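Tertiary structure, described
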Amino acid sequence: MSAPVPDEASFFVAVGGEPTFRRLVAKFYEGVAGDPLLRPMYPEEDLGPAEDRFALFLMQYWGGPNTYSASRGHPRLRMRHAPFRVDPAARDAWLHHMRVAVDSLGLPEPHHSALWDYLERAAYFMVNTMDSAEPAH
């Protein structure tokens, strides 16, 4: 039997607050920056703004400040990702970089599993096409 998942506010504090989420997202975007499948999904020249938005979203979700909603409104994740082709290959690439990032934090259980389980569910939820991308000519 697994340990109960902590509530979001205590989770945010227990894992180290903002610095932990900033490290998580920075490590994730290190992988995205060199990924030929994912990098085109980030049209900004600099990944910094996307990195900041993602960190703010995750901090708010896990019980931190509501800066994300105060500046951007409701997350509406599927709507915000709708312009991008998110197929199973993109999901798997995203999960690969996120797994590296989550593991790099060295969080104890049950925090590691709670964070990973949420991110994995979110990645599956974001898939908006089952078609694989057409091969480049």
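Before any of the text, the structure's been laid out above.
Residues numbered from 1 in each chain as written. Predicted model: local features only at pLDDT ≥ 70, side-chain atom pairs only at ≥ 80, totals over all residues. Heavy atoms only, no water.

Some words on helix α3 (residues 48–61)
Residue pairs spaced three or four apart in an α-helix point in one direction, given the helix's 3.6 residues per turn. The end-to-end C-alpha separation of α3 is 20 Å, in line with the 20 Å expected for 14 residues at 1.5 Å each. All of the buried residues along α3 are A50, F54, A55, L56, F57, L58 and M59. Backbone geometry just after α3 places G63 at a positive phi near 105°. (Helix = DSSP H or I, 4+ residues; strand = E, 2+ residues; numbered from the N terminus. Expected span 1.5 Å × (residues − 1). Buried < 20%, exposed > 50% of the residue type's maximum accessible area, 1.4 Å probe, protein only.)

Details of the side chain of H112
Within the fold, H112 resides in helix α7 (residues 111–126). The exposure class of H112 is buried, given its relative accessible area of 15%.

Some remarks on unusual backbone geometry
Cis geometry marks the peptide bond from E109 to P110; its omega dihedral reads 5°. Within the secondary structure, P110 sits in the loop between α6 (88–105) and α7.

Some points on the pattern of salt bridges
The full count for this structure, using the stated rule, is five salt bridges. Across the pair R22 and D52 runs a salt bridge, and its minimum N-O distance is 2.6 Å. Here the residue R22 occupies a position in helix α2 (residues 18–33), and D52 occupies one in helix α3, the gap between them amounting to 30 residues. Judged by relative accessible area, D52 falls into the partly exposed class, the value being 33%. K27 serves as the salt-bridge partner of E30, at 3.6 Å between the closest nitrogen and oxygen. Residue E30 and its partner K27 are located together in helix α2, separated by three residues, close to a single helical turn. Using a relative accessible area of 31% as the deciding quantity, one classes K27 as partly exposed. (Salt bridge = Lys/Arg side-chain N within 4 Å of Asp/Glu carboxyl O.)

Quick notes on the environment of L119
In this fold, L119 is placed in helix α7. When the C-alpha atoms of L119 and L58 are compared, they prove to be 9.7 Å apart, with 61 residues separating the residues in sequence. Beyond its immediate sequence surroundings of up to four residues, L119 is in contact with L58, W94, L95, M98 and V102. (Contact = heavy atoms within 4.5 Å.)

Re the packing of α6 against α7
It is the contact of α6 with α7, at a shortest axis distance of 10 Å, that shows an interaxial angle of 165°. In this view, α6 runs roughly antiparallel relative to α7, as classed from their interaxial angle. Crossing geometry of α6 relative to α7 is assigned as right-handed. In this structure, α6 uses R91, W94, L95, M98, R99, V102, D103 and L105 to contact α7, whose residues at the interface are H112, L115, W116, L119, E120, A123 and Y124. Of the residues belonging to the contact of α6 with α7, the class tally is 10 nonpolar, one polar and four charged. (Axes fitted to C-alpha atoms, helices over the stretch in contact; angles between N-to-C directions. Parallel < 35°, antiparallel > 145°, perpendicular 65-115°, else oblique. Left-handed = near helix turned anticlockwise from the far one by under 90°. Nonpolar A, V, L, I, M, F, W, Y, C, P; charged D, E, K, R; others polar.)

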